[in-house]
Amino acid sequence: MPNDHAPSTSDGLPAAVTGRTTHGLDERGFVRDWLAGPAWSAPCTDLDQVLGAGGSPWGPGGRWTLTNGPDVAPLKRRLYARRPLVTDQPLPDPVEGGELRWVAPGGGRVDTGRWGRVHTGADGLVDWSRFCYTPEYRHAVAGTVLEVDQAEWRTLELACTGPGALWVGDTLVAQFDDVSYMEPVRHRVPVRLESGTTRIVLATWQVAFRECRHVAALRVLGLPVRVVLPSPGADEYASATAEQILDRVGSPRWALTEPVAELTGPPGAALAVAVAGPGSGRRVTRLRLDATGRGRIPLGSSTVDGMPGDAALDGDATASMLTTGETRLSVRVDDPRCPVFRTLHVAVLPHKRREAPVGDDPAAWRDELLRHVAAGQPGAARALAATALDPTAPVRAEDVAPGLAMVDSRADCADFEAVGLLHLWHRLAGRAWPEGLRERVAESLSGLKYWIDQPGLDAMCYFTENHQLVWHTAEILAGEAFPEREFRNTGWTGERHAEHGRALAGEWLRRKLAGGFSEFDSNAYLAIDSLALVSLVEYAADERLARLAEALLDKALLSLASNSWRGVHGAAHGRSYTQTLRSSRLEETAPIMWLLWGTGALNAAVLPATALATARVYRLPPLVRAVATEPPAEWDGRQVYRGTYRDRHDLLDRPYASDVRIWRTPAAMLSSVQDYRFGLPGLQEHIWGATLGSEVQVFATHPAASAHTSSARPNAWAGHRVLPRARQHRDTVLVLHRFPPDDPDPRTHLWFPASGMDEWVVAGPWLAGRVGDGFVAVAAQGGFEPVTAGETAWQEWWPRGDGRAYVATVADAGHGLVGDLAEFVASLAEPEFGPGPTVGWITRDGRSLRLDWSGPFTVDGRPADLDGDGRPETPPHLDNPACRVEFGVARLEARWAGHALVLDLAAGCRVEPASGVPSGSRPALTSAG
C-alpha cells in the first residue's frame with residue numbers, strides 16, 4: 001500500500017490537513033486505534049444440518065450444547081465449516097467514514113457499512129459483543145494501517161474469540177477456526193513490514209447463542225510502529241494535541257441522580273459531546289471547561305419509567321430484567337480537524353429510592369409499586385398492575401405482545417415471559433380481552449418447548465439455577481391450564497407436561513430448601529426465583545408443591561431481609577452485574593424490597609415484584625419484614641449453602657458451597673463469601689463489598705476485560721479472572737489474590753466512588769471515606785493511585801504495589817468508637833503485607849487477624865475454622881440474631897421483634913404463621929382453553 005496519506009501542495013508545502021491521524025502502540029504493544037465496520041448478523045437457520053432436533057439431547061454432539069457457552073465451541077466450529085469467512089475477495093481500504101463492502105461468510109451476500117473509528121480499552125480488544133436472544137450468525141471487519149520508515153520484521157499477535165483471518169497488505173498471513181468462550185485465543189505470525197504504510201485488515205466470525213463475546217485484538221511484538229488511520233479532513237498534528245486533551249478528560253460520577261453529567265479535564269478545553277440514549281436520541285452539546293477544568297452536559301429526558309440507559313449497548317430490557325442503565329457520551333475536541341474521541345458511560349438512575357420505609361403500611365408500598373408499574377413499559381407486569389388498580393380495566397394487546405414475541409421466537413428468557421403470560425391467563429380470566437387474544441396466548445403456550453429433553457433447536461437457557469425452576473413452573477402451570485390440549489412441540493397432553501414439570505420442580509424445591517442456592521444471594525436471580533416460587537404458590541394445583549414453594553419463598557425472602565441494608569442488597573453474590581454493583585437502584589431485588597418492607601428502589605425489573613404484589617395466597621411472614629426494618633445496633637450473620645450440581649440439569653457434577661458473612665450496623669455494611677473457589681477462574685461472582693449507600697459500594701476485582709457489559713463474563717467489575725481468597729471477621733475482611741504466570745494483566749483494581757462520599761482521604765496504605773455516620777477504609781501495599789480520566793475517574797483506584805492483598809473495614813459513628821473521618825483514620829493500624837501473598841492486621845478494637853494463601857485464617861492466633869475440640873468445624877446453615885439452623889435439622893425457627901417464622905424443612909411447609917395455601921386438592925383455575 002503506497003504512502004499516499006500525507007498530502008502536500010503542488011509547490012511542496014504542507015497541506016492544511018494531513019488527511020490522517022497517527023497513534024502509538026500502548027506500552028504492551030497493542031494497537032488501540034482502529035477503523036471498524038458494524039457487526040453484521042443473520043438468523044442461524046441451519047442448526048438442523050448439524051444437530052438433531054429430536055431424540056435424546058445428550059452426548060458429545062447433542063443439542064444440550066446450544067445454550068452453554070463454555071461447551072459450545074465444537075458446535076461453532078462445525079457451523080463455521082459450513083459458512084466460513086470468504087478470504088478470496090477484494091480487500092477494502094480502511095478510510096474513516098468510507099464505504100465498506102464485504103462478502104459475507106459462505107458467499108451468499110455482500111454486506112455494506114461504513115468505517116467507524118474505534119479506540120479500544122486497555123485490553124486492546126475491538127468489541128462487537130452482544131447478548132443475542134435467538135441464534136444468529138455474526139461477522140465483522142476491522143482495519144488499520146501500520147507505518148515504519150525502515151523495512152523490518154515484526155511479530156503480530158492476534159487474539160480472537162472466534163474464527164478469523166488477517167491480511168497484511170494484500171497477503172493473507174493468518175487464518176484460523178479456533179473458538180473460545182470468553183478468553184481470546186492468541187496466534188502469532190511473523191511479518192515483514194515494508195517501509196511506508198501497510199494496510200491491515202482483520203475479519204472475524206461468530207455465531208451467537210445468548211451471551212456472545214465477539215472481540216479481537218492485535219499486538220505488535222518487537223520495535224514500535226506507528227498506527228495510521230486515514231481520515232479525510234483530519235490533521236494528525238492537531239489530532240495528536242486533541243488526543244492528549246481527551247486522555248485527561250474524565251467523568252467523576254457514573255451514577256447520576258439527575259440527567260446532567262459532569263466532565264473534568266484541562267481548563268479551557270473546547271469539547272463536543274455526542275449524547276446517545278433513550279429519550280435523547282443522538283445530539284451534540286458543545287461546551288468549554290471552566291477555569292477549574294469542569295463542565296456539565298445535560299442528558300435530556302433519558303429516563304423511561306425509572307429505567308434509563310442505552311438498551312442497545314448490550315441486550316434489551318424486559319419487565320423481569322434490566323439492561324446496563326447507561327447513556328453513552330462520545331467526547332471530542334471541538335475542532336473539525338480532530339476526529340479522535342473517547343467514549344464515557346454514565347447512568348441516570350431511577351428517582352424512586354428509599355433507605356427507610358415511609359410509614360408502616362404495606363398496602364401503601366404496594367400501591368406505590370403498582371402505580372409505578374402501570375405507568376411503565378408494556379408487558380405482563382403492566383397489565384397485572386393496571387387491573388389490580390382498576391378492576392374494570394381491559395387487557396391491552398400491547399401488554400401481551402412482548403411476551404408472545406419471545407415465546408413464539410423461542411428467545412432466551414422466554415420462560416420468564418411465559419410465566420408472566422400465565423399470570424395474565426389466570427388472574428385476568430374474567431376480564432375483557434381483545435378478540436382472539438386469549439386463544440392466541442393459549443396457542444403460544446401450547447407450542448413452547450419447556451425443557452431440554454423436548455424437541456427443538458434453540459438457544460434458550462435451561463441450565464442455570466434460576467432458569468431451571470422458571471421452566472418447571474411454566475410447564476406445570478401451562479399444562480394445568482390446558483390439561484386436555486395437545487401441545488404441538490411434543491404431542492403430549494397438557495396434563496403430561498404438568499406431571500413432567502411437577503417431578504422436576506419438586507426435586508429442585510426440596511434440594512434448595514435443604515441446602516440453599518448455588519447462585520447465592522444474587523441481586524438479579526433471587527428476584528427470578530421469587531417469581532417462580534410465588535407463581536407456584538398462587539396457581540399450582542398440587543397442594544404439597546404449593547406449600548413447598550411457599551416455604552422456600554419464605555426462606556429466600558428471609559435471606560434477602562437478613563443480607564440487605566437500607567434497601568441495598570449488599571451481600572456477596574453468586575452472580576451479579578456491573579450496574580447493580582455501582583448502584584443498588586438497578587438491582588432486580590430492589591422493587592421487591594420496596595413492596596415488602598418499604599425500602600429499595602422502583603426500576604423496570606418489576607415482573608417478580610408485581611407477581612408478589614398481586615398474590616392472593618402468599619402473604620409475607622411479619623418476621624421477615626421486621627428483620628429488614630428493625631435492625632439491631634450490630635448484625636453479625638452467617639449463611640452457609642451446600643448442595644450438589646446435577647449433570648443433566650446444571651451441566652456440572654460436583655458439590656457446591658458458599659459461606660457468606662454479613663456485618664450490618666445502622667450506618668454501614670460489610671459482606672464477603674469465605675474461601676469461595678479461590679485460585680480458580682471466576683464468572684460473575686461478587687466476592688466482597690462494603691456498603692455506605694445506594695451508590696457507594698466499595699469492592700476490588702481482578703479484571704478480566706476492559707468492558708463491563710454482560711457479554712463479558714467475567715468483565716472489568718463483575719466477577720474475577722481468577723477468584724481471590726477472602727475471609728471476614730465481623731467488621732473486617734482480608735483478601736488475597738494470586739495471578740497465573742501467563743496472566744495478560746496481572747493486577748487488581750478498586751471501586752471506591754469518591755464523588756459519592758461526603759469526604760474521603762488517602763493516608764499511607766489506606767483509602768478511607770465517610771457517608772453520614774458510616775466509614776469505610778481499604779488498604780493495599782503502597783496505597784492507591786486514583787484514575788483521574790476516562791469513565792471511571794475518581795471511582796477506580798489502582799494499588800501502587802502488587803495489588804495482591806487488601807484489608808477492608810467499616811465503622812459506625814453511632815457506636816461511639818469513632819467521631820469523624822480523621823479520628824477513624826488515626827485509629828487504623830498499619831497492615832503487614834508479605835510474600836505468598838500474606839496479610840495481617842490489628843483491628844481498631846485489638847483483634848489480630850492474619851491470612852495467607854494456603855494457611856488457616858487466624859483470629860488472635862487461633863484458626864477460625866476449628867471447633868472447640870480443635871477439629872474442622874461443622875458449620876451451621878444459618879446463624880444470625882434471628883435464628884440459628886443446623887444442616888439436617890427438621891425445622892427452621894426464627895424469632896425477631898416479637899414475631900416468629902417456623903418452617904418444617906423435612907415436610908416442606910410453613911408452620912408459623914399459618915400457611916396461606918388452602919388445604920385439599922386445588923381445582924383447576926381455568927378451563928382447558
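Residues numbered from 1 in each chain as written. Predicted model: local features only at pLDDT ≥ 70, side-chain atom pairs only at ≥ 80, totals over all residues. Heavy atoms only, no water.

Bringing the environment of Val-95 into the picture now. On the secondary structure map, Val-95 appears in the loop between α1 (73-82) and β4 (99-103). Sequence separation between Val-95 and Trp-205 is 110 residues; the distance between their C-alpha atoms is 22 Å. Beyond its immediate chain neighbours, meaning those up to four positions away, Val-95 contacts Leu-35, Trp-115, Pro-230 and Pro-232. (Helix = DSSP H or I, 4+ residues; strand = E, 2+ residues; numbered from the N terminus. Contact = heavy atoms within 4.5 Å.)

Quite often, the size of an interface is put as the accessible area lost when its parts meet. Domain annotation for the protein chain reports domain 1 (20-230) and domain 2 (236-302 + 313-348). Between the C-alpha centres of domain 1 and domain 2 the distance comes to 28 Å. Each partner contributes to the interface: domain 1 provides 13 residues, whereas domain 2 provides twelve residues. At the boundary of domain 1 with domain 2, total buried surface from both sides reaches about 1,100 Å², with 46% on carbon and sulfur atoms. Residue Arg-20 pairs with Glu-236 through a salt bridge whose shortest N-O separation is 2.8 Å. Joining domain 1 to domain 2, the criterion identifies two residue pairs in polar contact (both at pLDDT 80 or more). When contributions to the side of domain 1 that touches domain 2 are tallied by element, the ones reaching two or more residues are β1 (20-24), β6 (116-119) and β8 (130-148). Of the residues forming the side of domain 1 that touches domain 2, the biggest block, four residues, is contributed by β1. Considered class by class, the residues forming the side of domain 1 that touches domain 2 number two nonpolar, five polar and six charged. (Domains from an automatic or database assignment. Buried area = accessible area lost by both parts, 1.4 Å probe. Salt bridge = Lys/Arg side-chain N within 4 Å of Asp/Glu carboxyl O. Polar contact = N/O pair within 3.5 Å; in protein donor to acceptor, adjacent residues only side chain to side chain. Nonpolar A, V, L, I, M, F, W, Y, C, P; charged D, E, K, R; others polar.)

It is the contact of helix α9 (residues 494-515) with helix α11 (residues 543-562), at a shortest axis distance of 10 Å, that shows an interaxial angle of 35 degrees. As for how α9 packs across α11, the hand of that crossing is left-handed. Together, Arg-502, Ala-505, Gly-506, Trp-508, Leu-509, Arg-510, Lys-512, Leu-513 and Ala-514 of α9 and Leu-545, Leu-548, Ala-549, Ala-551, Leu-552 and Lys-555 of α11 make up the contact between the two elements. Here the residues of the contact of α9 with α11 are counted per class, giving ten nonpolar, one polar and four charged. (Axes fitted to C-alpha atoms, helices over the stretch in contact; angles between N-to-C directions. Left-handed = near helix turned anticlockwise from the far one by under 90°.)

The strand order across the open sheet formed by five strands is β41-β42-β43-β44-β45, and the pairing between neighbours is antiparallel. Unpaired on one side and paired on the other, β41 (832-834) and β45 (862-863) mark the two borders of the sheet. Here strand β43 (residues 848-852) pairs with strand β44 (residues 858-859) via two bridges, running antiparallel. Across the sheet, Arg-850 pairs through a bridge with Thr-858, a residue of β44. (Pairing = 2+ DSSP bridges.)

Turning next to the pairing of strand β37 (residues 774-780). With seven of seven residues buried, β37 lies mostly within the body of the structure. The alternating pattern of β37 places Gly-774, Val-776, Val-778 and Ala-780 on one face and Phe-775, Ala-777 and Ala-779 on the opposite face, and all of these are buried. Across six bridges, the pairing between strand β36 (residues 766-771) and β37 is antiparallel. Residue pairing in the sheet places Leu-767 in a bridge with Val-778 of β37. Here β37 runs beside strand β40 (residues 805-812); their pairing, made up of seven bridges, is antiparallel. Paired with Gly-774 across the strands is Asp-812, a residue of β40. (Buried < 20%, exposed > 50% of the residue type's maximum accessible area, 1.4 Å probe, protein only.)

Moving on: the side chain of Asn-523. Here Asn-523 is to be found in the loop between α9 and α10 (525-539). A distance of 3.4 Å separates the side chain of Asn-523 from the side chain of His-573, its partner in a polar contact. Only 3.1 Å separates the side chain of Asn-523 from the side chain of Thr-580, close enough to count as a polar contact. Beyond its immediate sequence surroundings of up to four residues, Asn-523 is in contact with His-569, His-573, Arg-575, Ser-576, Thr-580, Glu-587, Glu-588 and Thr-589.

We now examine unusual backbone geometry. Excluding glycine, a negative phi dihedral is what most residues carry, and trans is how most peptide bonds are arranged. A cis amide bond links Arg-713 with the next residue in sequence, Pro-714, at an omega value of 0 degrees. By the secondary structure assignment, Pro-714 is in the loop between β31 (696-701) and β32 (725-729). For the bond running from Gly-836 to Pro-837, omega is -5 degrees, close enough to zero to count as cis. As for its placement among the helices and strands, Pro-837 is situated in the loop between β41 and β42 (838-842). Here the phi dihedral of Leu-651 falls at roughly 60 degrees; this positive angle occurs in a residue that is not glycine.

This part covers the pattern of salt bridges. Applying the stated criterion across every chain yields a total of 66 salt bridges. For Arg-427, the salt bridge identified is with Glu-538, shortest N-O distance 2.9 Å. You can see Arg-427 sitting in helix α6 (residues 414-427) and its partner Glu-538 sitting in helix α10, a full 111 residues away along the chain. By relative accessible area, which is 15% here, Arg-427 ends up buried. A salt bridge links Glu-873 to Arg-638; the shortest N-O distance between them is 2.6 Å. In this pair, Glu-873 sits in the loop between β45 and β46 (878-880) while Arg-638 sits in strand β27 (residues 635-644), placing the two residues 235 residues apart along the sequence. Overall, the relative accessible area of 25% leaves Glu-873 in the partly exposed class.

Time to look at the environment of Ala-540. The topology assignment puts Ala-540 in the loop between α10 and α11. The spacing of Ala-540 and Arg-502 is 38 residues in sequence and 9.2 Å in space, taken between C-alpha atoms.

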